[in-house]
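Chain and residue survey
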Amino acid sequence: MDAEQARQVDATLRRLGIPGVVAPVDPENPAGAWRVYDSADPATREDTTADALASVGAKFREISPEPPEKRQQGPTRGFVFPPADD
């Protein structure tokens, strides 16, 4: 993610109460890629981006107004067959 996306992710994490520090991968290059970490210290931090994204997904599933059995689990595909003119 870039810096603007990182700001959005950071705001979303805070709103949902999910821990994490959004920071550039390379602290010397804020224009580069960003990730979610467990702490702000570049020397000791661990990447928790995957866990943070999973937590966001879980939060949205929790607050979804539809019951779990009615939620769409992925893309739905179908075919439309025109009526036969026989």
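Each remark here, short or long, concerns the structure printed above.
Quick summary incoming for the structure in this document. Model, not experiment: these values are computed from the prediction.

Here is what the cut-offs are and how they apply
- Residues numbered from 1 in each chain as written.
- Predicted model: local features only at pLDDT ≥ 70, side-chain atom pairs only at ≥ 80, totals over all residues.
- Heavy atoms only, no water.
- Helix = DSSP H or I, 4+ residues; strand = E, 2+ residues; numbered from the N terminus.
- Buried < 20%, exposed > 50% of the residue type's maximum accessible area, 1.4 Å probe, protein only.
- Contact = heavy atoms within 4.5 Å.
- Areas by Shrake-Rupley, 256 points an atom, 1.4 Å probe, with all protein chains shown as cover.
- Salt bridge = Lys/Arg side-chain N within 4 Å of Asp/Glu carboxyl O.
- Expected span 1.5 Å × (residues − 1).
- Arc of directions from axis to C-beta.
- Polar contact = N/O pair within 3.5 Å; in protein donor to acceptor, adjacent residues only side chain to side chain.
- Core = buried A, V, L, I, M, F, W, Y, C linked by side-chain atoms within 4.5 Å.

**A look at the overall build of the chain**
Across its full length, the chain holds two helices and two strands. Helices and strands in the chain line up, N terminus first, as α-β-β-α. By the burial criterion, 19% of the 86 residues in the chain qualify as buried. Contacts in the chain between residues at least 24 apart in sequence constitute 28% of all its contacts with a sequence separation of at least 6. Accessible surface computed for the chain: about 6800 Å², of which carbon and sulfur atoms make up 55%.

**Here we look at the pattern of salt bridges**
Applying the stated rule across the entire model yields three salt bridges. Put simply, Arg 7 and Glu 4 hold a salt bridge, and the shortest N to O gap is 3.3 Å. Taken as a pair, Arg 7 and Glu 4 lie in helix α1 (residues 3-16) at a separation of three residues, close to a single helical turn. Accessibility expressed as a relative area gives 40% for Glu 4, which makes it partly exposed. Across the pair Asp 10 and Arg 14 runs a salt bridge whose closest N-O atoms are separated by 2.9 Å. Taken together, the residues span about one helical turn, with Asp 10 and Arg 14 both in helix α1 at a distance of four residues.

**Considerations on α1**
If you check α1, its first and last C-alpha atoms are 20 Å apart, about what 14 residues at 1.5 Å a residue would give, namely 20 Å. Turning to α1, its buried residues are Ala 6, Thr 12 and Leu 13. One face of α1 carries all of its buried residues, which in axial projection span an arc of 125°. Exposed residues on α1 whose side chains face more than 90 degrees from its buried face are Arg 14 and Arg 15. Measuring from the backbone nitrogen of Glu 4 back to the side-chain oxygen at the start of α1 gives 3.2 Å, which picks out Asp 2 as the cap. Count one or two residues on from α1 and you reach Gly 17, which has phi positive near 75°.

**Comments concerning the nonpolar core**
Core analysis: the biggest nonpolar cluster contains eight residues, these being Ala 6, Leu 13, Ile 18, Val 22, Trp 34, Val 36, Ala 52 and Val 56. Of all the secondary-structure elements, those providing two or more residues to this core are α1, β2 (34-37) and α2 (49-63). Beyond its immediate chain neighbours, meaning those up to four positions away, Val 36 contacts Met 1, Val 9, Leu 13, Gly 20, Val 21, Val 22, Glu 46, Asp 47, Thr 48, Thr 49 and Ala 52.

**Considering the side chain of Thr 49**
Summarising the element assignment, Thr 49 is placed in helix α2. Take Thr 49: its relative accessible area is 6%, and that puts it in the buried class. Filtering out sequence-adjacent residues up to four positions away, Thr 49 remains in contact with Arg 35 and Val 36.

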